[in-house]
Amino acid sequence: MTAIPDGGVVLYGSPASLYTAKVRAWLQAFHVPFEERFPSHPRYRQTIRPHVETHRIPVVEFSDGAIVQDSTAILDALEQRFPQACAATLGPRQQLAVHLWESLADRALAKPAMHYRWSFPQTNEAFVVGEFGRSLAFPAAPEEIARMGQRVAGKMASYLPMLGIEERTIPTIEQTYLRTLELFEAHFAAHPYLLGGAPTRADCALMGPLFGHLARDPYPRNLMQRAAPLTFRWTERMTWAERRSPEFPLAASSPLSDDVVPETLIAVMRHLFAGFDEELVKSAGQFNAWVLDHAGVPEFTWISAEGADQPSLGPIVVDYHGVSIAQQALGHPLWIFQRALDFMASRQGTERAACEDLAQTAGAHSAMAIRLARRLTRVSNRLAVA
Ligand SMILES: N[C@@H](CCC(=O)N[C@@H](CS)C(=O)NCC(=O)O)C(=O)O
């Protein structure tokens, strides 16, 4: 019943899911055989879902029996098991850039991804609701698919206020996204992938929002095709795992040498961090306050007493490209950002200086100054303190 493809993995997810797109992109980019299954698959219901103790997708099942939930943990597990597949040598600045992109893709781009999915029901709803329904009930009757889809869609759309997406903030979210596309266009006019001639984990993480929602749902897909054709082509290049792209017949099929992070990419990072670093800093403040309030709790205690997997740390107000946004601070993005902090802390001397220079020019310097009062970890797929 498991039937894991020879030398590969099973990916439980959905075509419409942001985080499934991130994992699928990795498997495609690094040519690891996989079979994708819906959460309606009997094995998901009987074995996978009870094992991971959460309904979140994606989940990956490995041939050694490991079952991993959470796209970041999955990519770590894939890198461990398929080191040859993603063996490109990256310098320290490039490695830091990958960590920062995983963070930006996970959270900073969630605002346009969620807005362009849920604020245009006339154009998107039939497709998106259908996609959710099909993942849960295919090949049920159309009415059953619609009923299941509506149930999930209602829950997902209810996340908008948590992200601060409301009438007052929408014009800024849209302008910010259009500027993001403009900057990506300048980058993809010069390079096939984020760090040059081959994809890295950063491209895969970015495929979550940029492909999973923004190049796939009808309204933003059309917008991207019109406003940013080269960025749209990058999503195809990733999906088709192009080793050499027609736009760049002479590009080396590897990341740039000499630890170069292209200026055009740094420009996108600077733009995105301008609307994201305060969210990280204030979320860290909320987390550090939680630690003070819970002094002495043993290691591996869940942040949420109720066992919420990605709990809120309370409300924050942040400046988002000139508009103040009231939203929830989440701990999960801090757990991801902790990886960038750990990476920086592990560097010394000239490598450290080069990484600090990148953080500075990419606009991540305030965020990189964050000090978490305790380490974050995950226990039974729930955020916890270490
Ligand atoms: N941090 C998780 C997030 C996964 C996640 O939220 N997945 C969505 C689908 S894209 C989901 O399962 N949502 C269900 C819910 O929010 O109830 C990851 O990176 O895998």
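Quick caveat: nothing in here was measured; it's all calculated off a predicted structure. (Residues numbered from 1 in each chain as written. Predicted model: local features only at pLDDT ≥ 70, side-chain atom pairs only at ≥ 80, totals over all residues.)

Asks: Describe the site of the ligand, and please don't skip the residues or the numbers.
Replies: What surrounds the ligand is the set S17, L18, Y19, R56, I57, P58, D70, S71, T72, K155 and H332. Counting only elements with at least two residues in the shell around the ligand, the list comes to α1 (18–29) and α3 (71–81). A breakdown of the residues in the shell around the ligand according to their chemical character gives four nonpolar, four polar and three charged. (Near = placed C-beta within 6 Å. Helix = DSSP H or I, 4+ residues; strand = E, 2+ residues; numbered from the N terminus. Nonpolar A, V, L, I, M, F, W, Y, C, P; charged D, E, K, R; others polar.)

Asks: Describe the environment of S135, with residues and values.
Replies: Tracing the sequence through the fold places S135 in helix α6 (residues 121–137). With 25 C-beta atoms counted inside 10 Å, the residue S135 sits in the buried group. Remark: the alpha-carbon pair of S135 and M148, spanning 13 residues in sequence, is separated by 9.2 Å. Sequence-distant contacts of S135, defined by excluding residues within four places in its chain, comprise S14, F38, P39 and S40. (Buried ≥ 20, exposed ≤ 12 C-beta atoms within 10 Å, placed from the backbone. Contact = placed C-beta atoms within 7 Å.)

Asks: Give me the nonpolar core: which residues, what numbers.
Replies: Ranked by internal contacts, the top residues of the largest apolar core, which has 97 residues, are W26, A97, L100, W101 and L104. Once residues lying within four places of it in the same chain are set aside, the contact partners of W26 are L75, L78, R201 and C204. (Core = buried A, V, L, I, M, F, W, Y, C linked by C-beta atoms within 7 Å.)

Asks: Can you break down helix α4 (residues 92–108) residue by residue, with the values?
Replies: An α-helical segment advances 3.6 residues per turn. Residues three or four places apart therefore align on the same side. In this model, α4 (17 residues) spans 23 Å end to end at C-alpha, consistent with the 24 Å of a helix rising 1.5 Å per residue. Taking burial as the measure, the 17 residues of α4 include 16 buried ones, the bulk of the element. (Expected span 1.5 Å × (residues − 1).)

Asks: Mind laying out the sheet that holds strand β8 (residues 376–379), listing which residues take part and the relevant values?
Replies: What holds strands together in a sheet is hydrogen bonding between their backbones, with the strands either parallel or antiparallel. The antiparallel open sheet is built from three strands, whose spatial order is β5-β9-β8. Strand pairing shows two members of the sheet lacking a second neighbour, β5 (301–302) and β8, which therefore form its edges. The pairing of β8 with strand β9 (residues 382–385) spans four bridges and is classified as antiparallel. Residue pairing for β9: T377 is matched across the bridge by A384. (Pairing = 2+ DSSP bridges.)

Asks: I'd love a proper account of the domain arrangement of the chain, names of residues and values included.
Replies: As far as domains go, the chain holds domain 1 (9–81), domain 2 (92–119 + 161–273), domain 3 (120–159) and domain 4 (277–385). Spacing between the C-alpha centres of domain 1 and domain 4 amounts to 25 Å. Between domain 1 and domain 4, the contact holds seven residues from the first and five residues from the second. Looking at the side of domain 1 that touches domain 4 residue by residue, the class counts come to one nonpolar, three polar and three charged. (Domains from an automatic or database assignment.)

Asks: Can you explain the environment of L178? Please cite residues and give values.
Replies: Structurally, the position occupied by L178 is in helix α8 (residues 170–188). For L178, a count of 14 C-beta atoms within 10 Å gives the class partly exposed. Separated by 49 residues in sequence, L178 and A227 have C-alpha atoms that sit 7.8 Å apart.

Asks: Could you give me a rundown of the sheet that holds strand β3 (residues 59–62), with the residues and numbers involved?
Replies: Reading across from one edge, β2-β1-β3-β4 is the order of the four strands in this open sheet, with mixed pairing throughout. Two strands close off the open sheet at either side, each with one partner strand: β2 (34–37) and β4 (67–69). The mean angle between the axes of side-by-side strands here comes to 20 degrees, regardless of whether they run parallel or antiparallel. Bridging between β3 and β4 involves three bridges; their strand directions are antiparallel. (Axes fitted to C-alpha atoms, helices over the stretch in contact; angles between N-to-C directions.)

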